[in-house]
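Reading the structure
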Amino acid sequence: MKEPTVSGPRNSIASYWSDIPLTLFDHLEGVVGSLTSSHQQVALVLESVRIEDHVQESPGDFGRPPYSRKPIARALVAKAVLNIPTTKDLVERLVIDVRLRRICGFTHGVPSESSFSRAVSEFALGGLADAAHEAAVRDIFGQIIFHHGAIDASSIPAREHTVKKDKPAPVEPKKPGRQKGQGFRESRKVPSPQERQLTQSLEQMLGELPRVCDHGVKIGPQGYTIHWRGYKAHAHVGEGGVPLAFVTTSASVHDSLVAIPLLKLTKGRILALFYALMDKGYAGNPIARAADELGHVAIVPPKAVRGGAPASELTPDRQRRYDHRTVVERFFSDLKDNHGGNHLFVKGGPKVQSHLMYGVLAIFGLSVFRL
């Protein structure tokens with residue numbers, strides 16, 4: 001096991017991975033011939049995430065033996081690396097591109113589009129991409145300290161109908177204060193969802209997050225209102241653009257409700273993280289308390305009080321650290337523009353999470369070799 005280091009991921013990983021591209025490309029070129037830059041990127045990502053190690057093959061009871069799921073899983077990661085829009089396009093690319101086909105591990109032909117679709121459903125229900133990402137983060141960064149980690153959320157429009165919500169029963173308004181015959185404990189304020197998260201386990205927090213398609217609303221960077229139908233992606237990204245944790249929820253879920261789960265997910269995967277950077281939407285005492293309990297310093301710009309004095313500014317030293325928060329914005333831009341985030345053709349929370357996670361694996365693998 002590698003010794004813990006406080007030098008950050010850039011200096012710690014660079015020497016470890018420096019010889020891998022050369023030896024990997026020499027081996028592959030000896031087998032499949034010369035590689036283009038896109039082939040090299042696919043090979044590097046597949047080598048770093050090793051998704052096939054988490055695939056459980058199904059023997060099949062009747063009929064024709066099923067295709068091996070391991071090369072299909074590798075092909076789905078390659079699809080995200082190359083930003084191939086649909087499964088049909090992926091199958092056609094594999095048929096004509098012998099180098100990509102061999103890198104993914106296909107030796108006896110390419111499965112049909114329907115075979116890929118069945119595998120996609122199996123992988124989504126089994127959480128394959130999530131397991132591969134968690135294992136890769138622990139294996140490569142498990143003994144490394146990150147100085148900064150940025151948390152943010154982004155809209156994910158979807159092509160599906162929203163789930164109808166039951167209308168709440170009308171509630172009669174109550175008079176303020178303690179009601180007659182009501183004890184002191186019963187009159188106390190009900191804890192907020194964030195306050196409840198402080199006493200919940202990680203599984204309980206993630207289990208309470210809605211993951212169905214619905215409508216989302218947010219204020220854009222220019223101050224105008226943005227509406228979309230679909231989901232919302234939440235990410236915790238370390239310095240160097242390394243995605244450390246990723247969660248998909250319904251579009252209506254507030255960003256702040258996923259901050260504590262992301263912090264706890266990251267805590268179990270790396271050695272330590274010093275500063276957690278979040279925008280004003282994450283302001284609140286529960287998040288700051290959770291970060292402090294996990295050994296982080298939460299840096300969140302203060303919010304202005306309605307009808308009160310303007311919000312105070314961050315101190316110069318904290319502002320310099322807060323400037324590192326743009327790494328999570330670049331992550332979402334990269335995910336949407338270059339790794340499948342804008343090509344969402346699947347339906348349902350598990351499949352959406354799985355589809356986006358292949359893009360997260362692509363960014364993770366590429367970021368490792370950029371450090």
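What comes next concerns the included structure. (Residues numbered from 1 in each chain as written. Predicted model: local features only at pLDDT ≥ 70, side-chain atom pairs only at ≥ 80, totals over all residues. Heavy atoms only, no water.)

**Brief notes about the overall build of the chain**
Tallying secondary structure elements over the chain gives 15 helices and 6 strands in all. A burial count over the chain gives 46% of its 371 residues as buried. Accessible surface, the chain as shown: approximately 19,800 Å² in total, 52% of it carbon and sulfur. (Helix = DSSP H or I, 4+ residues; strand = E, 2+ residues; numbered from the N terminus. Buried < 20%, exposed > 50% of the residue type's maximum accessible area, 1.4 Å probe, protein only. Areas by Shrake-Rupley, 256 points an atom, 1.4 Å probe, with all protein chains shown as cover.)

**Side note on the nonpolar core**
Among the nonpolar cores identified, the biggest contains 96 residues, and Phe116 and Phe246 are the most heavily contacted of them. Here this core takes 11 residues from helix α15 (residues 349-370), the largest share from any one element. If sequence neighbours within four positions are ignored, Phe246 has contacts with Ala233, His234, Ala235, Leu262, Phe331, Phe332, Leu335, Gln353, Leu356, Met357 and Val360. (Core = buried A, V, L, I, M, F, W, Y, C linked by side-chain atoms within 4.5 Å. Contact = heavy atoms within 4.5 Å.)

**Looking at the pairing of strand β3 (residues 225-238)**
The buried fraction of β3 amounts to 10 of the 14 residues, a majority that puts the element mostly inside the structure. Pairing of strand β1 (residues 145-157) with β3 involves 9 bridges; the strand directions are antiparallel. Within β3, the position partnered with Asp152 by the bridge is Ala235. Looking at chain direction, strand β2 (residues 214-219) and β3 are connected through 6 bridges and run antiparallel. Within the sheet, the bridge partner assigned to Gly216 lies in β3 and is Trp228. Count of turn residues in the β2/β3 antiparallel hairpin: 5 residues, of which Gly223 carries a positive phi of about 95°. (Pairing = 2+ DSSP bridges.)

**A word on the packing of aromatic side chains**
The description of an aromatic ring pair rests on the distance of the ring centres and on the angle between the ring planes. Across all of its chains, the model carries 5 aromatic pairs by this definition. Plain terms: the ring middles of Phe106 and Phe116 are 6.3 Å apart, the flat faces sit at 50° to each other, and that makes the pair tilted. In this pair, Phe106 is assigned in the loop between α6 (98-104) and α7 (113-126) and Phe116 in helix α7, connecting sequence segments 10 residues apart. Like Phe116, Phe106 is buried. A ring pair is formed by Phe246 and Phe331, whose centres lie 6.3 Å apart and whose planes are at 65°; its orientation type is edge-to-face. Placement of Phe246 in strand β4 (residues 242-250) and of Phe331 in helix α14 (residues 326-338) is noted, with a sequence separation of 85 residues between them. (Phe/Tyr/Trp six-rings, centres within 6.5 Å; stacked < 30°, edge-to-face > 60°.)

**Concerning the layout of surface pockets**
Of the voids in this model, the largest pocket is the one considered here, and its volume is about 600 Å³. Lining the largest pocket are 21 residues, and of these Ala153, Lys218, Ile219, Gly220 and Asp255 lie nearest its centre. Elements represented by at least two residues in the lining of the largest pocket include exactly β1, β2, β3 and α14. For the lining of the largest pocket, the residue count by class is 9 nonpolar, 7 polar and 5 charged. Forming the boundary of the second largest pocket are 30 residues, of which Asp130, Leu206, Arg211, Phe246 and Gln353 lie nearest the centre. Listing elements by their share of the lining of the second largest pocket, those giving two or more residues are α7, α8 (128-141), α10 (202-208), β4, α11 (259-267) and α15. It is α8 that provides the largest number of residues to the lining of the second largest pocket, a total of 7 residues. Classifying every residue of the lining of the second largest pocket gives 14 nonpolar, 9 polar and 7 charged. (1 Å grid on protein atoms, 1.4 Å probe; cavity = no way out; pocket = protein on both sides within 12 Å on 5 of 7 lines; lining within 4 Å. Points joined across faces, edges and corners; volume = space filled by probe spheres on them. Nonpolar A, V, L, I, M, F, W, Y, C, P; charged D, E, K, R; others polar.)

**Looking at unusual backbone geometry**
Peptide bonds are, in most cases, trans, and in most cases residues other than glycine have a negative phi. Located in the positive-phi region is Arg50, a residue other than glycine, with phi close to 50°. The topology assignment puts Arg50 in the loop between α3 (37-49) and α4 (69-81).

**Section: the packing of α4 against α15**
At a minimum axis separation of 8 Å, α4 and α15 run at an interaxial angle of 75°. In this view, α4 runs roughly perpendicular relative to α15, as classed from their interaxial angle. Contacts from Leu76, Val77, Lys79, Ala80 and Val81 in α4 reach His355, Tyr358, Gly359, Leu361 and Ala362 in α15. Tallied by class, residues from the contact of α4 with α15 come to 7 nonpolar, 2 polar and 1 charged. (Axes fitted to C-alpha atoms, helices over the stretch in contact; angles between N-to-C directions. Parallel < 35°, antiparallel > 145°, perpendicular 65-115°, else oblique.)

**Brief notes about the side chain of His355**
Position of His355 among the secondary structure elements: in helix α15. A polar contact of 3.1 Å, which involves the side chain of His355, links it to the backbone oxygen of His343. Contacts of His355, omitting those with residues within four sequence positions, involve Lys79, Gly340, His343, Leu344 and Val346. (Polar contact = N/O pair within 3.5 Å; in protein donor to acceptor, adjacent residues only side chain to side chain.)

**Considering the pattern of salt bridges**
Scanning the model with the defined rule gives 11 salt bridges in all. Among the ionic pairs, Asp53 bridges to Arg50, the shortest N-O distance being 3.6 Å. For Arg50, a relative accessible area of 32% corresponds to the partly exposed category. Its salt-bridge partner being Arg325, residue Glu329 comes within 2.6 Å of it at the nearest N-O pair. In this structure Arg325 comes out as buried when scored by relative accessible area, which is 9%. One connected set of salt bridges, linked through shared partners, spans Glu47, Arg50, Glu52, Asp53 and Arg74. (Salt bridge = Lys/Arg side-chain N within 4 Å of Asp/Glu carboxyl O.)

**Things to note about α4**
Here α4 is 13 residues long and its end C-alpha atoms lie 19 Å apart, about the 18 Å a rise of 1.5 Å per residue gives. Counting buried residues along α4, 12 of its 13 residues qualify, which places the element largely inside the surrounding structure. Arg69, Pro71, Ile72, Ala73, Arg74, Ala75, Leu76, Val77, Ala78, Lys79, Ala80 and Val81 are the residues of α4 that are buried. One or two residues past the end of α4 sits Asn83, with phi positive at roughly 60°. (Expected span 1.5 Å × (residues − 1).)

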